[in-house]
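These are the residues of each chain, in order.
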Amino acid sequence: MTRRPTLKHIAERVGVTVSTVSLALRDDERISTAMRQRVREAAAEVGYIYNRHAAGLRRGDSGTVALCLNDLGNPFFTEFIAAMEQRFRAEERMMLFCHAQESLTVQADFMRRMAEHGASGLILIPAAGTTQEDLHGAEAAHLRHLPLVLLSRDVPGAEVDRVINDDARGMALVIEHLRSLGHQRIGWLGGGSSTSTAQARERAFRAALGQAGHPPDEAHMHHGPTTLAFGHQGFETLMAQPDPPTAVVCFSDVIAFGALSACHGLGLRPGVDVSITGFDDMSAAAYTTPPLTSVRVRTDLMGARASELLLSRIRGEKGAPRREMMAPELSIRETTGPVRKKARTSDQA
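How each quantity is defined
- Positions within a chain are numbered from 1, following the residues in the order the chain's sequence is written.
- In keeping with the model being predicted, local features are shown solely for residues with a pLDDT of at least 70 and side-chain atom pairs are shown and tallied solely at 80 or more, while totals for entire chains, interfaces and linings include all residues.
- Side-chain figures throughout are based on the complete set of non-hydrogen atoms in the structure, without hydrogens or water.
- Strands are runs of DSSP state E lasting at least 2 residues, helices are runs of H or I lasting at least 4, and numbering of each runs from the N terminus.
- We take the radius of gyration over the C-alpha atoms and set the globule estimate at 2.2 Å times the residue count to the 0.38 power.
- Burial here depends on accessible area, computed with a 1.4 Å probe over protein chains only, as a share of the maximum for the residue type. Under 20% is buried, over 50% is exposed, and the range in between is partly exposed.
- Between two residues, a contact is recorded if the distance between any of their heavy atoms is within 4.5 Å.
- Note on areas: Shrake-Rupley, 1.4 Å probe, and residue coverage restricted to the protein chains presented here.
- Only four residue types enter the charge count, namely Lys and Arg as positive and Asp and Glu as negative; His and the chain termini do not.
- To locate a charge, the coordinates of NZ of Lys, CZ of Arg, CG of Asp or CD of Glu are taken.
- Strand pairing follows a simple DSSP-based rule, namely that at least 2 bridges must link the two strands.
- For every element, the axis is a line fit to its C-alpha atoms; helices are fit only across the contacting stretch, and the angle between N-to-C directions ranges from 0 to 180 degrees.
- Centres within 6.5 Å make a pair out of two Phe, Tyr or Trp rings, where for Trp the six-membered ring is used; the pair is then stacked when the planes are under 30 degrees apart, edge-to-face when over 60, and tilted otherwise.
- Ring-over charges, as used throughout, are those where CZ of Arg or NZ of Lys falls within 6 Å of the ring centre and within 35 degrees of the ring normal.
- What we call a nonpolar core is a set of buried Ala, Val, Leu, Ile, Met, Phe, Trp, Tyr and Cys residues that are connected through their side-chain atoms within 4.5 Å.
- Expected span, for any helix, means 1.5 Å times one less than how many residues it has.

**Concerning the overall build of the protein**
Looking only at helices and strands, one finds 12 helices and 12 strands in the protein. A compact globule built from 349 residues should have a C-alpha radius of gyration of about 20 Å, whereas the protein, at 26 Å, is more than 25% larger. Considering only C-alpha atoms, the protein reaches an extent of 90 × 40 × 35 Å along its principal axes. For the protein, buried positions account for 50% of its 349 residues. Sequence-distant contacts in the protein: of pairs separated by 6 or more residues, those separated by 24 or more amount to 72%. In the structure as shown, the protein presents an accessible area of about 16,900 Å², 52% of it carried by carbon and sulfur atoms. Averaging the coordinates of the 40 positive side-chain charges in the protein and doing the same for the 40 negative ones gives two points 5 Å apart.

If you want it as structure tokens, here you go:
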């Protein structure tokens, strides 16, 4: 196995000092244009590869940033990546990814490894159940000097920057829309209960209905994992009740997609016999049959802002932790419509 070419090999080939080669490869204007070109040509001839890790150690910045996602099976979380990757690429930084799969153990191991390998910073979409202790406790001492930004999900008490969606405002928009269409019996299909988003959206759902004078019927409240299967099964359960809801609000688009499937299976027409709403407004929401009414979470703006906050901390910016909330928008499509006196069942179809 041959040795990796070094700056010394290039210097000997060109007949200059190692420091001259180093400056030339960094395109330093103190080195003449002709000499910089000679050094680059010599580097190519010997097969020299710039060692960014070593350079990062010298300047105290590895040039890498880490992103820990909790569920790659949910397309919503992957939508953050494009904006972040574009921003970090513009800064000539490399992104490293981890799929925690909602595992606190996998998440903790990744954060520790990133600290050990000198990552410049970390953006974390926390796994379900993440606590302040996981980020600031004795077992997380290695994170003390690692710039960290929370994205999408919050961790109460965490003393770090975070960028989250205004879930309360998004849910208020949904209820206002359904109420304007005459709906009073509104069901809920929630995605779990151990994340800040699940808790915030359900809390806002209950509050909005209560303020409208029609508190939710507990029989119309169902919880489960954020999956197509739960959306399908949960919707069937709601529609099997003696007095089913005329509208169903889903914690996420994924659950709403499952609900739409069940709706068609029961012979019901979304937006006509029963209204269905999602939350997140993923790109697929506009292409369901019929297109899904959903709350648009600005993953593009959130990803870009989280990147900016992390870069500012990497550059050494000080100050109290920042908590920024992005305003959502309501995308009204064909799965919502005026309330009918009685939703059809498959027997009536």
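We are not done yet, so read on.
**Concerning the sheet that holds strand β4 (residues 148–151)**
With parallel pairing, the 6 strands of this open sheet are ordered in space as β2-β1-β3-β4-β5-β11. Both edges of this open sheet fall to β2 (94–99) and β11 (323–326), since each of them pairs with a single strand only. Sheet twist, expressed as the mean angle between neighbouring strand axes with direction ignored, is 15°. Its contacts with the sheet place helix α5 (residues 75–90) against β1 (64–69), β2, β3 (121–124) and β4, and it is angled at close to 175° to β1.

**Remarks on the packing of aromatic side chains**
Between two aromatic rings, the relevant description is the distance of the centres plus the angle of the planes. Tallying each qualifying case throughout the model produces 3 aromatic pairs. By the ring-pair criterion, three or more aromatic residues cluster together here, those being Phe76, Phe77 and Phe80. Across the ring face of Phe251, the terminal group of Arg201 is positioned such that the distance to the ring centre comes to 4.8 Å.

**A closer look at unusual backbone geometry**
Of the consecutive residues Thr289 and Pro290, the connecting peptide bond is found in the cis state with omega at -10°. Inspection of the secondary structure assignment puts Pro290 in the loop between β9 (275–280) and β10 (293–296). One non-glycine residue, Asp280, lies in positive phi territory at about 125°.

**Examining the nonpolar core**
Core analysis: the largest hydrophobic core is formed by 61 residues, its most contacted members being Ile123, Leu151, Leu189, Phe205, Phe235, Val249 and Ile276. If you tally residues by element for this core, the top one is helix α11 (residues 253–265), at 8 residues. When neighbours within four sequence positions are excluded, Leu151 is seen to be in contact with Phe80, Met84, Ile123, Leu124, Ile125, Pro126, Val163, Met302 and Ala306.

**Looking at helix α12 (residues 299–314)**
Between its first and last C-alpha atoms α12 spans 22 Å; for 16 residues at 1.5 Å apiece the expected length is 22 Å, and the two agree. Taken together, the buried positions of α12 are Thr299, Met302, Gly303, Ala306, Ser307, Leu309, Leu310, Leu311, Ser312, Arg313 and Ile314. Looking at the packing, one finds that the buried side of α12 touches β1, α5, β3, β4, β5 (161–165) and β11. Immediately downstream of α12, the backbone of Gly316 shows phi near 105°, a positive value.

**Observations concerning the sheet that holds strand β8 (residues 247–250)**
Pairing is mixed in the open sheet, where 6 strands are placed in the order β7-β6-β8-β9-β10-β12. The sheet terminates laterally at β7 (221–224) and β12 (329–331), the two strands that pair on one side only. Pairs of neighbouring strands in the sheet enclose a mean axial angle of 20°, with direction left out of account. Looking at chain direction, strand β6 (residues 186–191) and β7 are connected through 4 bridges and run parallel. Bridged to Gly190 within β7 is His223. Along the sheet, helix α8 (residues 167–180) makes contact with β6, β8, β9, β10 and β12, crossing β9 at roughly 165°.

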